[in-house]
Amino acid sequence: MSEHIYVSKHPLIQHKLALLRSRMTEPKKFRELVREISQLIFYEATLDLALAPLTIETPLGNSSGHEVVEDIGLMPILRAGLGMADAILDLLPIGHVWHLGIYRDHSTLEPITYYNKISEYNPNIDLAIVLDPMLATGGSAIAAVDILKSYGIRRIKFLGLIAAPEGVNALSNVHPDVPIHLAAIDSHLNEVGYIVPGLGDAGDRQFGTGG
Ligand code: PRP
Ligand code: URA
């Protein structure tokens, strides 16, 4: 496996992922779990953020400390990436959020982009992070990275929860410079492009729109 593909072995992530996959998990709990796992993966994926030294006055004197000096853009892929963005913003309140609306055409599985907020607000940033719980064929993630690169953004990471090997291969073949951070890589895609065993439809399960 490429050195740019990170699958967390953290016990808390693995424990919460099992709950997330369960068909018995209702939307409220599902959203909580997406939130918690996203924060844990984000923590692992940002070990390399740049810091600058600073001095802080404590009640007892001066202390040396550090601050994160990177300007970070989050690109959640709608709908399912929304819960991840909310969770990460709690840890990174200074992050910019560039919503990207993409859905998969049901017959071709090709990504269709219908909303792109980066075109209206594009500060100079140091790092962009694409957020989507599911990396299935990889089409949506590749489209998101294509868009970021078309705006001149070069340092990009992908954060997901569950991937199919097909999606990991596709994203890392097209964009080998983009690290992929995940909680699991599953067995395969089924004939209609769902990850097996996966968790079903991540958007429907977060927002209660499934059958
Ligand atoms: C799902 C998921 C990803 C995409 C992954 O979105 O949230 O965005 O599929 O599949 P891919 O890797 O094959 O592109 P979906 O198309 O169901 O849109 P929705 O969340 O708006 O329902
Ligand atoms: N999108 C999902 O929500 N689930 C899958 O298994 C594949 C794509």
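These lines cover the structure that appears in this document, whether it is placed above or below. Predicted, not measured: the structure shown is a model, and the values here were computed from it.

1. Brief notes about the overall build of the chain
Along the backbone of the chain there are six helices and 15 strands. Relative to its length of 211 residues, the chain is compact, with a C-alpha radius of gyration of 18 Å against a globular reference of 17 Å. Residue burial in the chain is summarised as follows: out of 211 residues, 46% are buried. Summarising the internal contacts of the chain: among those between residues at least 6 apart in sequence, 63% fall at separations of at least 24. When the accessible area of the chain is evaluated, it comes to approximately 10,700 Å², of which 55% is carbon and sulfur surface. When the 16 basic and 24 acidic side-chain charges of the chain are each reduced to a single mean position, those positions are 6 Å apart.

2. Structural notes on the site of ligand 1
Residues in close proximity to ligand 1 total 16 residues, the closest being Arg104, Asp132, Thr137, Gly138 and Ser140. For ligand 1, an oxygen atom lies 2.4 Å from a polar atom in the side chain of Asp132. Ala136 places a main-chain nitrogen or oxygen 2.8 Å from an oxygen atom of ligand 1. Against a free-state accessible area of 510 Å², the protein chains account for coverage of 90% of ligand 1. Ranked by the residues each element gives to the shell around ligand 1, the list is headed by strand 6 (residues 100-104), at three residues.

3. Focus: the side chain of Asp132
Assignment of secondary structure puts Asp132 in the loop between strand 8 (127-131) and strand 9 (134-135). Among buried charged residues, Asp132 stands out as having no salt bridge; its nearest opposite-charge side chain is Arg104, 8.5 Å away. A distance of 3.2 Å separates the side chain of Asp132 from the backbone nitrogen of Met134, its partner in a polar contact. In contact with Asp132, other than residues within four places in its own chain, are Ile77, Ala80, Gly81, Met84, Ser140, Phe158, Leu159, Gly160 and Leu161.

4. Overview of the packing of helix 4 (residues 139-150) against helix 5 (residues 165-174)
Between helix 4 and helix 5, the least distance of the axes is 9 Å, while the angle of their chain directions is 20°. It follows from the interaxial angle that helix 4 and helix 5 lie roughly parallel. Handedness of the crossing formed by helix 4 with helix 5: right-handed. For the pair helix 4 and helix 5, contact is made by Ala141, Ile142 and Val145 and by Ala170, Leu171 and Val174, respectively. Counted by class, the contact of helix 4 with helix 5 contains six nonpolar, no polar and no charged residues.

5. Remarks on the site of ligand 2
Lining the immediate surroundings of ligand 2 are Arg104, Met134, Ala136, Gly193, Tyr194, Ile195, Gly200, Asp201 and Ala202. Ile195 is positioned with one of its backbone polar atoms (N or O) 2.8 Å from an oxygen atom of ligand 2. Of the residues assigned to the shell around ligand 2, the class counts are five nonpolar, two polar and two charged.

6. Focus: a nonpolar patch on the surface
Taken together, the side chains of Tyr103, Ile112, Tyr114 and Tyr115 make up a nonpolar region of the molecular surface, amounting to roughly 390 Å² of accessible area. When residues in the nonpolar patch are grouped by element, the largest group, three residues, is from strand 7 (residues 111-116). Tracing the sequence through the fold places Tyr115 in strand 7. A relative accessible area of 37% means that Tyr115 is categorised as partly exposed.

7. Some remarks on the side chain of Ser140
The residue Ser140 is located in helix 4 in this model. Given the relative accessible area of 15%, Ser140 is considered buried. Look past the residues within four positions of Ser140 in its chain and what remains in contact with it is Ile77, Ile102, Arg104, Pro111 and Asp132.

8. Remarks on the packing of helix 2 (residues 27-45) against helix 3 (residues 82-91)
For the pair helix 2 and helix 3, the least separation of the axes is 8 Å and the interaxial angle reads 55°. In this view, helix 2 runs oblique relative to helix 3, as classed from their interaxial angle. The element helix 2 and its partner helix 3 pack so that their crossing is right-handed. Residue-level inspection shows Val34, Arg35, Ser38, Gln39 and Phe42 of helix 2 in contact with helix 3, the latter providing Gly83, Met84, Asp86, Ala87, Ile88, Asp90 and Leu91.

Rules behind the numbers
- Residues numbered from 1 in each chain as written.
- Chains lettered and ligands numbered in written order.
- Predicted model: local features only at pLDDT ≥ 70, side-chain atom pairs only at ≥ 80, totals over all residues.
- Heavy atoms only, no water.
- Helix = DSSP H or I, 4+ residues; strand = E, 2+ residues; numbered from the N terminus.
- Rg over C-alpha atoms; globule rule 2.2 N^0.38 Å.
- Buried < 20%, exposed > 50% of the residue type's maximum accessible area, 1.4 Å probe, protein only.
- Contact = heavy atoms within 4.5 Å.
- Areas by Shrake-Rupley, 256 points an atom, 1.4 Å probe, with all protein chains shown as cover.
- Lys, Arg positive; Asp, Glu negative; His and termini not counted.
- Charge placed at Lys NZ, Arg CZ, Asp CG, Glu CD.
- Near = heavy atom within 4 Å.
- Polar contact = N/O pair within 3.5 Å; in protein donor to acceptor, adjacent residues only side chain to side chain.
- Salt bridge = Lys/Arg side-chain N within 4 Å of Asp/Glu carboxyl O.
- Axes fitted to C-alpha atoms, helices over the stretch in contact; angles between N-to-C directions.
- Parallel < 35°, antiparallel > 145°, perpendicular 65-115°, else oblique.
- Left-handed = near helix turned anticlockwise from the far one by under 90°.
- Nonpolar A, V, L, I, M, F, W, Y, C, P; charged D, E, K, R; others polar.
- Patch = residues over 30% accessible without salt bridge, like charges linked within 9 Å, V, L, I, M, F, W, Y side chains within 5 Å.

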